[in-house]
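# Fold and contact review
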Amino acid sequence: MKKKPAIILSVIVCVILVIGMIQIKRLKQEVTNLQNSLNYQSQRTEEIYSNVISQVNAMLEKEDNQLTKSDWEYGKINVDSHTVQVICTVIPKEYTPGTTQAYLVCGDREYPMTFADDHFTATAEIPLFTDTESFLVKLVDGETVRAQALDWYLSPRYDVMPSVSVQMCGSTRGTPGKEEYNWSIDETVTVDVDYKEKFQIQSVEIVAEIDGREVERIPVDLSAEGQYGYQQDAAKNGVSFAIPAEQNSPYYDGIAHFLYPLKKEFHVPNGSVMVLYADVVDGNGLRYRCCLDAVAIGENGEPDDTYMDEHMDLMISEPIAIYDKAGNEIYKLEDSIN
């Protein structure tokens, strides 16, 4: 009988502990919810503050802007000089017709702007393969000179030139030999071209180089009949390919698709590097070179993965270089991203 009070007391204590633990857990959850709510409110406050600052800055910038309107568009492309025209049109907030003189400053060149129909216009020339962002309008009234920077960033290489993209789908396998590595390829090469400005495609070729020396050049049949035949071969590799029926028209201004089933065995000497390229030539004779695949073979006849990791960092779908009709390199992707 004496043990019963102790048992009852123990049960009461346990109940109290359980209730306490439940309350502590509930309080912890409430504290966590409160912290989350405070964090959310703090984040919202920061966002609102940032938006207010941005709006105020935009209003101040608009108030300080000397122009009510500023527009641009691309003009003619000069492939030989590697330039493209940019037609600039502005309307100043304050000007006196016949008195105010306006100039478009692009880089280190200054172009007088002509006045007509309440706006000033000038045509500048900028590099075709280099991004340009230095534009300024200068307004002159007697001895008073005002200047307004233009927030423009132009990249004609991607805006007006054909965009070429390549990829391969299939399989490759290699067999080491005593003096050379046998590299067997069974892949479908696909070439996508966004014509832009009605640039036409003259040819597509698969090029193989070993240690920088061309060893083979394979022409791709771009005719509708040739591409249809390639389609049937591509289907065997599980590649479903749709070719726009109108892409062979000289007036086509869209994205064209070409393909080529590459089934070939190449022999790469030990200690050499072999690279496969796709060369796309447009109607102006410019050649866009894309890297399709590569393999580096060590002196032991085995693939050298370390060399590939260190040197083949431009294995991407877009052109790594563009050449003119004479074979001169006029654009190098590595230079544009460094």
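Residues numbered from 1 in each chain as written. Predicted model: local features only at pLDDT ≥ 70, side-chain atom pairs only at ≥ 80, totals over all residues. Heavy atoms only, no water.

## Digging into the packing of aromatic side chains
This model, assessed by the stated rule, comprises seven aromatic pairs. Ring centres of Tyr95 and Phe120 lie 5.8 Å apart, and the angle between their planes is 80 degrees; this geometry places the pair in the edge-to-face category. On the criterion of sequence distance, the pair formed by Tyr95 in the loop between β2 (83-92) and β3 (101-106) and Phe120 in strand β5 (residues 119-127) is long-range, its members being 25 residues apart. Using a relative accessible area of 25% as the deciding quantity, one classes Tyr95 as partly exposed. A relative accessible area of 2% means that Phe120 is categorised as buried. (Phe/Tyr/Trp six-rings, centres within 6.5 Å; stacked < 30°, edge-to-face > 60°. Helix = DSSP H or I, 4+ residues; strand = E, 2+ residues; numbered from the N terminus. Buried < 20%, exposed > 50% of the residue type's maximum accessible area, 1.4 Å probe, protein only.)

## Focus: the environment of Tyr153
Turning to its location among the elements, Tyr153 is positioned in the loop between β7 (144-150) and α2 (156-159). As a C-alpha pair, Tyr153 and Thr132 span 21 residues in sequence and 5.9 Å in three-dimensional space. For Tyr153, the side chain forms a polar contact with the side chain of Asp131, separated by 2.7 Å. (Polar contact = N/O pair within 3.5 Å; in protein donor to acceptor, adjacent residues only side chain to side chain.)

## Some words on the sheet that holds β3
With antiparallel pairing, the seven strands of this open sheet are ordered in space as β1-β2-β5-β4-β3-β6-β7. Each edge of the open sheet is held by one strand with a lone partner, namely β1 (67-78) and β7. The mean inter-strand angle of the sheet, taken between neighbouring strand axes irrespective of direction, is 25 degrees. Pairing analysis gives three bridges linking strand β4 (residues 109-116) to β5, with the strands arranged antiparallel. The residue of β5 that forms the bridge with Thr114 is Thr121. (Pairing = 2+ DSSP bridges. Axes fitted to C-alpha atoms, helices over the stretch in contact; angles between N-to-C directions.)

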